[in-house]
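Observations on chain architecture
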There are 4 protein chains.
Amino acid sequence: MSDIKKAVLAYSGGLDTSVILKWLQDTYHCEVVTFTADLGQGDELEAARPKALQFGIAPDNIYIEDLREEFVRDYVFPMFRANTVYEGEYLLGTSIARPLIAKRMIEIANLTGAEAIAHGATGKGNDQVRFELGAYALRPDIRIIAPWREWDLLSREKLLAYAERHGIPVEMKHRQGGSPYSMDANLLHISYEGRHLEDPAAEAEESMWRWTVSPEAAPDAAEYVDLEFEKGDLVAINGARLPADELLALLNQLGGKHGIGRIDLVENRYVGMKSRGCYETPGGTILLPAHRAIESITLDREVAHLKDDLMPRYASLIYNGYWWSPERVALQTLIDHTQQAVNGWVRVKLYKGNVIVVGRDSKTDSLFDSTIATFEDDAGAYDHKDAGGFIKLNALRMRIAANLASRKS
Amino acid sequence: MSDIKKAVLAYSGGLDTSVILKWLQDTYHCEVVTFTADLGQGDELEAARPKALQFGIAPDNIYIEDLREEFVRDYVFPMFRANTVYEGEYLLGTSIARPLIAKRMIEIANLTGAEAIAHGATGKGNDQVRFELGAYALRPDIRIIAPWREWDLLSREKLLAYAERHGIPVEMKHRQGGSPYSMDANLLHISYEGRHLEDPAAEAEESMWRWTVSPEAAPDAAEYVDLEFEKGDLVAINGARLPADELLALLNQLGGKHGIGRIDLVENRYVGMKSRGCYETPGGTILLPAHRAIESITLDREVAHLKDDLMPRYASLIYNGYWWSPERVALQTLIDHTQQAVNGWVRVKLYKGNVIVVGRDSKTDSLFDSTIATFEDDAGAYDHKDAGGFIKLNALRMRIAANLASRKS
Amino acid sequence: MSDIKKAVLAYSGGLDTSVILKWLQDTYHCEVVTFTADLGQGDELEAARPKALQFGIAPDNIYIEDLREEFVRDYVFPMFRANTVYEGEYLLGTSIARPLIAKRMIEIANLTGAEAIAHGATGKGNDQVRFELGAYALRPDIRIIAPWREWDLLSREKLLAYAERHGIPVEMKHRQGGSPYSMDANLLHISYEGRHLEDPAAEAEESMWRWTVSPEAAPDAAEYVDLEFEKGDLVAINGARLPADELLALLNQLGGKHGIGRIDLVENRYVGMKSRGCYETPGGTILLPAHRAIESITLDREVAHLKDDLMPRYASLIYNGYWWSPERVALQTLIDHTQQAVNGWVRVKLYKGNVIVVGRDSKTDSLFDSTIATFEDDAGAYDHKDAGGFIKLNALRMRIAANLASRKS
Amino acid sequence: MSDIKKAVLAYSGGLDTSVILKWLQDTYHCEVVTFTADLGQGDELEAARPKALQFGIAPDNIYIEDLREEFVRDYVFPMFRANTVYEGEYLLGTSIARPLIAKRMIEIANLTGAEAIAHGATGKGNDQVRFELGAYALRPDIRIIAPWREWDLLSREKLLAYAERHGIPVEMKHRQGGSPYSMDANLLHISYEGRHLEDPAAEAEESMWRWTVSPEAAPDAAEYVDLEFEKGDLVAINGARLPADELLALLNQLGGKHGIGRIDLVENRYVGMKSRGCYETPGGTILLPAHRAIESITLDREVAHLKDDLMPRYASLIYNGYWWSPERVALQTLIDHTQQAVNGWVRVKLYKGNVIVVGRDSKTDSLFDSTIATFEDDAGAYDHKDAGGFIKLNALRMRIAANLASRKS
């Protein structure tokens, strides 16, 4: 292992990645570059700098970056163009952040001449796969250090002991067991796994949720919000055009206030087991039906159905860590192509956990033609008699089969 | 046209089908058999009998039947086994009723020696297709009379004039314009189309909704409900085993009380235009996530994904009227096969429009294995190191491609 | 019908379309624009001009155009990028010509101010659908005249009688019954339907085939041919770069000489019946496996599988006449995107009906890496031990299920 | 490793598995059970018995079994019901044998109380995956020994040295390098990989092929063969009903004689690399188009298309080793359901590498209706005018879109 001279570590500044930092130095005797990214998780990122310095990291080797706009614009929004949902329920909040982190780690490794990257994802989860598939796809000779698959600090007690032995500060909450949940957060969502949730029969505790009030605690008055879309992407809320990350932050605030976006599910991990997860995705939970609604009047039926048929596959690719794969890029090409005409606005009503689409329109691209769909006289726009031929030819193969069946019986 | 001697008419007893009855007698000079089915639409069906008699229909030619249990057991529940949703939102409440009506009309035609069936669906909608594809598939030589595609009574004024001219009683509401909406109801849903809804930008009026209170008007206290599944079908609510139709009726009552199941969308009709529809599906809106939840712990991942991949196609088949097609039957064979192990219970919390799955378990068939999924020490049930090989081989093709790319640049 | 003042007729100069020309003049009393296209069918196109003049068509209204290069470059080759085959066997030779004819007819209609187009396709076939869907998609208000669906000349006798009555010259072969087959030809193929072929149990007569010798009659010596591809398209044969149509013509010549490309099948028409067809596609039958072969070393596995999964749908779209639909264009976007790296050469051996790929290589884009695939020592390029972890995690869900099953039994 | 007391070894009696046998005894100090199966590979199986005895294997621990009929009936034929081809070309001859061997090894392990199985597949190939996924699915606690991933005998020289050191007889051909190819054979095919083939640009040597003559060397006279199908399976050849394995053996003989079934391709392995393979599948190459032909007249269009859409996925499952997975079983349920009506006969003409379907019929289940498909007068079986409505409604969505586009431009 001694051939690794420099490694880029995804460093949050928290206990786990601080232990990893120290362990890397002691085990690999390598120079460590720390990378701390702001994806909207809500932490104070600059706090990571003095911590890194304490471990003797050179100032030039400390990268702290605000990636929020890039994250939402180039990852979250492209994914929403496909109305992406994994296994019918999960909005992929964790999955979609990993490709950006992987990409930036490789870029920093290239910049700093590092041979390796290191991350704090466990050996049972999806995140290790997402980080590493991305890294390998972007730099095939990258070396990857996954301490949770290598070391013997697999219990919390051993980890704390190691920290104390090496003078790594341990906050009181960790000593007391800390949050009972394994959590991950970014602008799209916050996730909870582990502990109480490991019994899928048991209801999640109200105290677990952090970003949303409960529907019961949400305001008694509904709020209407207008969302404007261009080429399938949200561009304005209530008439205000904002950068992508600010739009999503505003949706999160609106959703959180109205008790919107809690999800409680059992999902199938890529590594083969089922796992119970709870998620808060307030903004995404508003965005998804709104995007469907603007598509409902601007997309051709068969294009929409093609997208629906491909969506589960696209969702699995993202869930499984294949963002940087050529098949994801090929699908994205198709998806993006379909969004040219997805322009217009959608009005949603937010109320105690509900996101209700109440109106949608497109000045430029609506395929809704009331002169044809009307139940009233349509002045000849549609000839009712055409339907007879349409049905008869569609029925022909079944009639031939039924004829055969009746001859046989 | 004079070669049709007897026709079976789908007869509701209302104004439209009464006019059709009379028009059939006058235009085709044929004997008419009326068929009135109770699918849970909530009308008093026996009222159709004296009306039919008034038109001179022979008592033996009046069929009034309660099909509610068959409807839910053999049509609604099999469809829910696939988590079926059309275009991401529509639960197919109207679509799923048509195949049963078509089948029963053909059976009655066979029983009574009729050459034809007649229905009151318009020439612009999906229902004509569903009735007729079903009828042709079940009896290839059936003759079909679709008055809305044949006659000249295309405006409400002409229809009313015809009714008055022939002594057909017209209720006051029809004279005044009646309900502003075209509606259809059965145990799964009630639908609204037309009039105000023809502007997809405009919010539906609160007064339109009939089966559900608004979320705002729903009780302030949440209600927990336990749903038990066997082979993918709901079999009991809160411990009470009931026939399929009573289970759905109870779910409807629960959902309606809690403001659950309103949907407002623009859908793509099979005949080619977009149309705005509003639906109330209170029970179905509870059943869908509950079924997904019980599958989430009992279905294998790849089987679940296979079902998800096929679902949009299956949904389109039902929407487009192909229930009686061989391809729907083939898909159903696969779907039903997968449901053998879908046994267990799900707990949902109902609150002001929300259906929240809070727990799920299966004594006999849970594939959730907490000894493997745990974040804690798993006593060797899972070897973290396996993940390294898993990732490396999954990455291999991308690494080879990246190697090539780097040699080229 | 008198509101049509000018119509563009797809005119071959043959008997059928000459009768249609006359019938249009007599029935619609409209000005007729004739359009005769060279798609490589092998007829002398200029012969259509004097015939049209005889019917009084104005010289400016006679369009005779060589579309061969456009046909192969913009229609045939894009289709082959997807390895397109309908129902496992049919190379879509007729289907792919229709969109170009439809497009050009609409362009000529726009140029000449015609309100209508007319074609000679029958009411039972796919071609009427392909012409008309294309025309409607490109000009929604186009009027379409399909004489075979309108007139009463449905038997050959009536047609001949009409021709003689109106002084339309009837060649001796028509009087004697002409070719017993309904045929269609262009650079991609020649098709045969009807007559003897209407019994699918009966072997086609050797005398029917026109473009290929029988394998038995083909040369006793094999011929090797090198095909070069760029971005998925054939660009050179045996080192000679040629325009697309000349490449296909050369492949046809090679295939025809070696008895390659006869197909005898029963296909499912879009209008609902099965039909027996025989086809000669000599060049296409060489091109298809060659294109697959160059893809086999240049395309990523998952991209190739994605294409394979989508291919039947894409093939059906073309077969059914949806070339000009938005969903075909969306799929084409994906397909074309994948062909960027499909560069290299393929060597095929042609011998008595066989097309045998014997070698393939790409200097720039081969993903075949012999240092990894070798059975010999690979100097550490691949770690065998990774496979253990790969297999174990892929097996995990099945092991959990088997554990459950063994507990139950 | 000492906790394994007994292991079942897939034992061919050849050099490699003899070395493995000895290595197992020396390394694991365990009792070895040898399993030698006749899948039609053409070796003399009883020769394995004295060899096993020489290694001290107890007579009761030597299993030599003829699995040919089970192999063709329960694995090959079910696969052909789906017209299964991997990546457009490979008939899965090796892949389909592995699940049966895995199943039988687990059964023998259960019978003999063995904790482990061992196989001679390499660490780079698909076969290790197929054996092990099958084994884990059938017995989740099975221990698997894959010597090629464990030992240091990775070159042929080391293997031969080990053999000589332990007195394992080495045939002259091995000393001289033996066959230059890695081969595998069973009733469905024989495969060649490695050596000369590792350059995908180079043509395979004629001397490599073992089961088929070259097309050039095949008889100058064509041979017609009648194949009879019941429920999608071949049941008779030229009127002779035979067990499944004898049918396939006869097809192999016919194909081999006529130079049929050679395939030369580059495939994508599940473990991530591309590999060049040559295959002889004489019988399968006849069976595939024949099965398609009988389906072409007996299967409904949409059912056939559904099968075609699912086929690549089904093929990948078999290729990747998921025969014993629940998703393969679910797909098989659908596939088998569709074959109920696939009854009838197909006539093929075999000539110098060509398999030409010349006729097909089904007395009981043909959906080919010449009274409808005919180009002649059909006495009203089909109304040409229906096509107009069919086309217009199918075009409606595209016309609406074109209207919008023309308003915008």
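Residues numbered from 1 in each chain as written. Chains lettered and ligands numbered in written order. Predicted model: local features only at pLDDT ≥ 70, side-chain atom pairs only at ≥ 80, totals over all residues. Heavy atoms only, no water.

As recorded by an unreviewed UniProt entry, chain A carries the name Argininosuccinate synthase and is attributed to Candidatus Accumulibacter aalborgensis. Database annotation for chain A, UniProt heading Sequence similarities (unreviewed entry): "Belongs to the argininosuccinate synthase family. Type 1 subfamily." Regarding chain A, the UniProt comment filed under Catalytic activity (unreviewed entry) reads as follows: "L-citrulline + L-aspartate + ATP = 2-(N(omega)-L-arginino)succinate + AMP + diphosphate + H(+)". (UniProt positions renumbered as here; feature names shortened; annotations may be inferred.)

Attention now moves to the packing of helix α11 (residues 301-320) of chain B against helix α12 (residues 326-338) of chain B. Residues and elements named next belong to chain B. In the contact formed by α11 and α12, the axes pass within 11 Å of each other and the chain directions differ by 150 degrees. Here α12 runs roughly antiparallel to α11, going by the angle between their axes. Classified by chirality, the crossing of α12 by α11 is left-handed. Contact residues: Val303, Leu306, Lys307, Leu310, Tyr314 and Leu317 in α11; Glu327, Arg328, Leu331, Gln332, Leu334, Ile335 and Thr338 in α12. Class assignment of the residues belonging to the contact of α11 with α12 gives a composition of 8 nonpolar, 2 polar and 3 charged. (Axes fitted to C-alpha atoms, helices over the stretch in contact; angles between N-to-C directions. Helix = DSSP H or I, 4+ residues; strand = E, 2+ residues; numbered from the N terminus. Parallel < 35°, antiparallel > 145°, perpendicular 65-115°, else oblique. Left-handed = near helix turned anticlockwise from the far one by under 90°. Contact = heavy atoms within 4.5 Å. Nonpolar A, V, L, I, M, F, W, Y, C, P; charged D, E, K, R; others polar.)

A few words now on the packing of aromatic side chains. In this structure the tally under the stated criterion is 50 aromatic pairs over all chains. When the centroid spacing of 5.9 Å and the interplanar angle of 75 degrees are considered together, the rings of A:Tyr270 and A:Tyr322 count as edge-to-face. Of this pair, A:Tyr270 sits in the loop between β11 (262-268) and β12 (274-280) while A:Tyr322 sits in the loop between α11 (301-320) and α12 (326-338), placing them 52 residues apart in sequence. In textbook terms, an aromatic cluster arises when at least three aromatic residues are bridged by ring pairs, as seen for A:Tyr270, A:Tyr322, B:Phe390, C:Phe390, D:Tyr270 and D:Tyr322. Taking NZ or CZ as reference, C:Arg130 lies 4.8 Å from the ring centre of C:Tyr319, over its face. (Phe/Tyr/Trp six-rings, centres within 6.5 Å; stacked < 30°, edge-to-face > 60°. Lys NZ or Arg CZ within 6 Å of the ring centre and 35° of its normal.)

Here the focus is the interface of chain C and chain D. Contacts between the two partners involve 95 residues from chain C, matched on the other side by 95 residues from chain D. Taking both sides of the interface into account, the surface hidden between chain C and chain D amounts to around 8,500 Å²; carbon and sulfur atoms contribute 56%. Taken together, the links from chain C to chain D amount to 6 salt bridges. Across the chain C-chain D interface, the total number found is 41 residue pairs in polar contact (both at pLDDT 80 or more). Tallying contributions element by element places helix α14 (residues 386-408) of chain C first for the side of chain C that touches chain D, with 12 residues. Split by residue class, the side of chain C that touches chain D holds 42 nonpolar, 22 polar and 31 charged. (Buried area = accessible area lost by both parts, 1.4 Å probe. Salt bridge = Lys/Arg side-chain N within 4 Å of Asp/Glu carboxyl O. Polar contact = N/O pair within 3.5 Å; in protein donor to acceptor, adjacent residues only side chain to side chain.)

Our focus in this paragraph is the relation of the copies chain C and chain D. Structural alignment of chain C on chain D gives an RMSD of 0.0 Å, achieved by rotating through 180 degrees and translating 0.0 Å along the axis. On this basis, the relationship between the two copies can be described by a two-fold rotation axis. Residue by residue, 100% of the interface of chain C is reproduced at the interface of chain D, so both copies engage with the same surface. (Least-squares fit on C-alpha atoms with pLDDT ≥ 70 in both.)

Here we come to the interface of chain D and chain B. In this assembly, 24 residues from chain D lie in contact with 24 residues from chain B. Regarding the contact of chain D and chain B, the summed buried area is about 2,000 Å², with carbon and sulfur atoms giving 69% of it. The tally of links from chain D across to chain B stands at 2 salt bridges. Of the charged contacts in the structure, one is a salt bridge between B:Asp309 and D:Arg313, with a shortest N-O distance of 2.7 Å. Counting across the chain D and chain B interface gives 2 residue pairs in polar contact (both at pLDDT 80 or more). Mapped onto the side of chain D that touches chain B, the elements with two or more residues apiece are α11 (301-320), α12 (326-338) and α14 (386-408) of chain D. In terms of residues, the side of chain D that touches chain B owes the most to one element, α12(D), which gives 9 residues. Residues that form the side of chain D that touches chain B fall into these classes: 13 nonpolar, 5 polar and 6 charged.

Residue and element names in this part refer to chain D. The 5 strands are arranged β10-β9-β8-β13-β14 in an open sheet whose pairing can be described as antiparallel. For this open sheet the edge positions go to β10 (240-241) and β14 (354-361), each flanked by a neighbour on one side alone. Direction of pairing for strand β8 (residues 223-230) relative to strand β9 (residues 233-237): antiparallel, over a ladder of 4 bridges. Note that in β9 the partner of Glu230 across the bridge is Asp233. Across the face of the sheet, helix α9 (residues 244-257) comes into contact with β8, β9, β10 and β13 (344-351) while running at roughly 70 degrees to β9. (Pairing = 2+ DSSP bridges.)

The subject of this paragraph is the domain arrangement of chain A. All names here are of chain A. As assigned here, chain A comprises domain 1 (6-68 + 93-176) and domain 2 (182-298 + 341-361). Computed from C-alpha coordinates alone, the two centres of domain 1 and domain 2 are separated by 29 Å. In this assembly, 14 residues from domain 1 lie in contact with 13 residues from domain 2. Approximately 1,100 Å² of surface area, both sides summed, lies buried where domain 1 meets domain 2, with 55% of it carried by carbon and sulfur atoms. Taken together, the links from domain 1 to domain 2 amount to 1 salt bridge. Residue Asp184 pairs with Arg98 through a salt bridge whose shortest N-O separation is 3.2 Å. The interface formed by domain 1 and domain 2 includes 7 residue pairs in polar contact (both at pLDDT 80 or more). Of the residues in the side of domain 1 that touches domain 2, the class split is 4 nonpolar, 7 polar and 3 charged. (Domains from an automatic or database assignment.)

Moving on, we come to unusual backbone geometry. Even without being glycine, A:Leu92 reaches a positive phi, approximately 65 degrees. Looking at the element boundaries, A:Leu92 is found in the loop between α3 (68-80) and α4 (98-112). Residue class for A:Leu92 comes out buried when judged on its relative accessible area of 0%. Phi at B:Arg195 takes a positive value of approximately 50 degrees, unusual for a residue other than glycine. Here B:Arg195 lies in the loop between β7 (190-193) and β8 (223-230). Under the relative-accessibility criterion, B:Arg195 is labelled partly exposed at 37%. (Buried < 20%, exposed > 50% of the residue type's maximum accessible area, 1.4 Å probe, protein only.)

Moving on: the pairing of strand β1 (residues 6-10) of chain D. Residue and element names in this part refer to chain D. Counting buried positions along β1 gives 5 out of 5 residues, so the element sits mostly inside the fold. Neither face of β1 is open: one carries Lys6, Val8 and Ala10, the other Ala7 and Leu9, and all of them are buried. Chirality of the crossover, the property in question, places the unit of β1, helix α1 (residues 15-28) and strand β2 (residues 31-38) among those that are right-handed. Taken together, the 3 bridges between β1 and strand β4 (residues 116-118) define a ladder with parallel strand orientation. From the neighbouring strand, Leu9 faces β4, where its bridge partner is Ala118. (Right-handed = clockwise from strand over helix to strand, strands pointing away.)

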